[in-house]
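Structural description and commentary
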Amino acid sequence: NTTLRAAAAAKGRYFGAATSSFMFSDTQHVTILNREFNSIVAENEMKWDATEPNQNQFTFTGGDRLVAHARANGMSVRGHALVWHAQQPRWAQNLSGTALRNAMINHITRVATHYRGQIHSWDVVNEAFADGGSGGRRDSNLQRTGNDWIEVAFRTARAADPTAKLCYNDYNTDGVNAKSTGIYNMVRDFKARGVPIDCVGFQSHLGTGLASDYQANLQRFADLGVDVQITELDVAQGSSQASIYERVTRACLAVTRCTGITVWGVRDSDSWRRGENPLLFDGNGNKKPAYTAVLNALNSG
Ligand code: G3I
């Protein structure tokens, strides 16, 4: 196969990219997007600040354009993200306690209901665990509403859209470490108690090295009975960039329950890390060695 989407599909996976509706007028971006990817995710346009700028006033313009573009081009859509401590609208940042809890429930219900049936996987909760060695939750206004806020979010999302896979999504979870183990323990507990969780997203914003147990870490989550997905992949430019992309791709293919890979942008110039040239296409839309490494990995075996 000569494109990422065809090569991934042949292995029963999707290959996705983050994009924004304002990019649809960029011919080069759209040409690559439509040729290479069969899943898209809104880099920003489905977040809380974008979809509910004033309390209980919802705007779905950008997200709706993404969904329409996906439908017209044979792509599916990842949803990102229903709740997160960052990119909350100002009004939500100023809430706490029951008022914030109820606002969260209303937000999840309204957004997931609006997109019901159109999202293959939702990041229901994003980045709720702390960095470092504690393995515990990150402090945030949401966490301060009570430790059960994450399971409330998942139950609310399930009720609103029973067709979407519901994911927990985080970064710095690339190997077996305190943070990934904290998340692992939460997922194990959720599965034991019947809290509806279907998948774990590994953002995989990577530097110039990759944890040697990257694949083993994906596998231990899969063994809990959830799908795993690579959700925001980008890798610092350097001599190791292509080989790290290749190893991540091979790891996903080696884990039966790894259902797909999403890169966090199309061209280096589109990236939030653009100074590091972390993506598969350069600023002129040319395929980089990392692209060839991913394609070959998808086509092998
Ligand atoms: O929308 C405003 C616009 O009105 C204003 O003119 C402009 C001026 O700076 O800012 C615009 O908002 C920016 C937004 O992207 C849309 O472009 C924000 O400042 C900027 O902070 C925001 O950055 C996004 C970031 O999340 C926010 O935390 C990045 O594009 C996006 O790539 C990044 O994505 C996150 C994932 O959601 C979660 N995982 C980590 C990942 C990288 O940080």
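Cut-offs used in this document
- Residues numbered from 1 in each chain as written.
- Predicted model: local features only at pLDDT ≥ 70, side-chain atom pairs only at ≥ 80, totals over all residues.
- Heavy atoms only, no water.
- UniProt positions renumbered as here; feature names shortened; annotations may be inferred.
- Helix = DSSP H or I, 4+ residues; strand = E, 2+ residues; numbered from the N terminus.
- Buried < 20%, exposed > 50% of the residue type's maximum accessible area, 1.4 Å probe, protein only.
- Contact = heavy atoms within 4.5 Å.
- Disulfide = S-S within 2.5 Å.
- Axes fitted to C-alpha atoms, helices over the stretch in contact; angles between N-to-C directions.
- Parallel < 35°, antiparallel > 145°, perpendicular 65-115°, else oblique.
- Left-handed = near helix turned anticlockwise from the far one by under 90°.

Focus: the UniProt feature "active site" (unreviewed entry) in the protein
- Using the residue numbers shown here, the UniProt feature "active site" (unreviewed entry) corresponds to Glu232.
- You can see Glu232 is positioned in strand β8 (residues 227–235).
- You can call Glu232 buried: its relative accessible area is 5%.
- Residues within four places of Glu232 in sequence aside, it is in contact with His80, Asn126, Asn169, Phe202, Gln203, Ser204, His205, Thr262 and Trp264.

Looking at the state of the cysteines
- Applying the stated criterion across every chain yields a total of 2 disulfides.
- One disulfide bridge connects Cys167 with Cys199, the sulfur atoms lying 2.1 Å from each other. Its S-S torsion of approximately -90 degrees makes the covalent link between Cys167 and Cys199 left-handed. Taken together, the positions of Cys167 in strand β5 (residues 165–170) and Cys199 in strand β6 (residues 199–202) put the pair 32 residues apart, joining distant regions of the chain. The two residues Cys167 and Cys199 agree in class, both being buried.

Section: the packing of helix α6 (residues 97–114) against helix α7 (residues 149–160)
- Look at α6 against α7: their axes get within 8 Å of each other, and the N-to-C directions meet at 30 degrees. Judged by the inter-axis angle, α6 sits roughly parallel to α7. Of the two possible hands of crossing, α6 and α7 adopt the one that is right-handed. The segment α6 lies against α7, with Arg101, Met104, Ile105, Ile108, Thr109, Ala112 and Thr113 engaging Trp149, Val152, Ala153, Thr156, Ala157 and Ala160.

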